[in-house]
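Coordinate analysis (summary)
Given next are the chains, with one letter for each unit.
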Amino acid sequence: MRPLLAQTQLFSSLSDEELLQVEAVGKQRQVAKGSVLFYENDPVECMYVLLEGRLKLYSSNDSGREFVYHVADPGISFGELALFCDERRSICAEAESDCVVMCIYKADFMNLLVSNPELKDQMLIGAMTVINSLAAMVRDFALKDVYGRVRVLFERLAQPTEDGLLIDEQMSQQDIADRVGASREMIAKIMRELVAGGYVETGRKRLLLLKKLPEQF
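Our subject in this report is the structure included herewith. (Residues numbered from 1 in each chain as written. Predicted model: local features only at pLDDT ≥ 70, side-chain atom pairs only at ≥ 80, totals over all residues. Heavy atoms only, no water.)

1. Brief notes about the overall build of the chain
Within the chain, the regular secondary structure consists of 7 helices and 12 strands. In terms of overall dimensions, the chain has C-alpha extents of about 60 × 40 × 30 Å along its principal axes. Within the chain, the fraction of its 217 residues that count as buried is 42%. Put simply, of all contacts in the chain between residues at least 6 apart along the chain, 67% involve residues at least 24 apart. Here the chain has roughly 12100 Å² of accessible surface; of this, 51% comes from carbon and sulfur atoms. Across the chain, 25 positive and 33 negative side-chain charges occur, with their mean positions spaced 6 Å apart. (Helix = DSSP H or I, 4+ residues; strand = E, 2+ residues; numbered from the N terminus. Buried < 20%, exposed > 50% of the residue type's maximum accessible area, 1.4 Å probe, protein only. Contact = heavy atoms within 4.5 Å. Areas by Shrake-Rupley, 256 points an atom, 1.4 Å probe, with all protein chains shown as cover. Lys, Arg positive; Asp, Glu negative; His and termini not counted. Charge placed at Lys NZ, Arg CZ, Asp CG, Glu CD.)

Here it is as structure tokens:
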């Protein structure tokens, strides 16, 4: 667990001995695929580090429509800022695969801050990263149409391979819609046009970008 904690931004400045302190107070928890780790408006009792699996962080409305802020991979910490506010959860977290998380409860986390004050600097960096990400998200919603938001999402997720830019992540049309704030029908139309234009290849539970996506469609 310690090597993964060392890669987590929040704990990246800690020594091996200090990481042992984090391990000592952390409680591991299994979260089955499809299970919700916490709901919006739940009381905040602890922060989390994702050790294994993938977690979806999202909001939803009364009709069940979702907007996905982020899909977290191992090494991501979340919830630490909320421990200072005594507020309720502002988002939901659901396991997209079987997950293992480490929980650090408020009293233990506050003790870690006392003994390792440099954690506050990392929390500030993390907060700025979240703010910048949300600002970019608001900008995209205000200035880009649905296709523009899909293009930004694909280009952010794609990794270079010999065959082209690969999105090696299982995403249904509804998953894409939830991440760009659109209807599944609109995403289906965009995907048909991208495939017909030779921009995207789908299949085998992946997306392959064959050439640079157009600025507008």
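2. As for the packing of helix α3 (residues 106-115) against helix α4 (residues 118-143)
Across the interface, α3 lies against α4 with an axial gap of 6 Å and an inter-helix angle of 110 degrees. When the axes of α3 and α4 are compared, the pair comes out roughly perpendicular. For the pair α3 and α4, the contacting residues are Phe109, Leu112 and Leu113 in the first and Leu119, Lys120 and Met123 in the second. (Axes fitted to C-alpha atoms, helices over the stretch in contact; angles between N-to-C directions. Parallel < 35°, antiparallel > 145°, perpendicular 65-115°, else oblique.)

3. Some details on the sheet that holds strand β8 (residues 99-105)
Spatially, the 4 strands line up as an open sheet ordered β1-β8-β3-β6, and their pairing is antiparallel. Where the open sheet ends on each side, the last strands, each with one partner, are β1 (27-31) and β6 (77-78). As paired strands, β1 and β8 are joined by 5 bridges and run antiparallel to one another. Of the residues in β8, the one forming a bridge with glutamine 28 is methionine 102. Its contacts with the sheet put α3 on β1, β3 (46-52) and β8, and the angle it makes with β8 is roughly 70 degrees. (Pairing = 2+ DSSP bridges.)

4. Thoughts on the state of the cysteines
Within this structure, the stated rule accounts for 0 disulfides. Considering cysteine sulfurs only, cysteine 103 is the nearest to cysteine 46, which forms no disulfide, with 4.5 Å between them. For cysteine 46, a relative accessible area of 3% translates into the label buried. (Disulfide = S-S within 2.5 Å.)

5. Focus on α3
Phe109, Leu112 and Leu113 are the residues of α3 that are buried. All buried residues of α3 project into a common sector of 100 degrees when viewed along the axis, lining one side. Exposed positions of α3 whose direction lies more than 90 degrees from the buried face are Ala107 and Val114. Those residues of α3 that are buried are in contact with α2 (16-25), β3, β8 and α4. (Arc of directions from axis to C-beta.)

6. Section: the environment of glycine 79
Tracing the backbone through its elements, the reader meets glycine 79 in the loop between β6 and β7 (92-95). Apart from the residues within four sequence positions on either side, glycine 79 is in contact with Cys46, Met47 and Arg89.

Everything listed is a geometric property; what it means functionally is a separate question.
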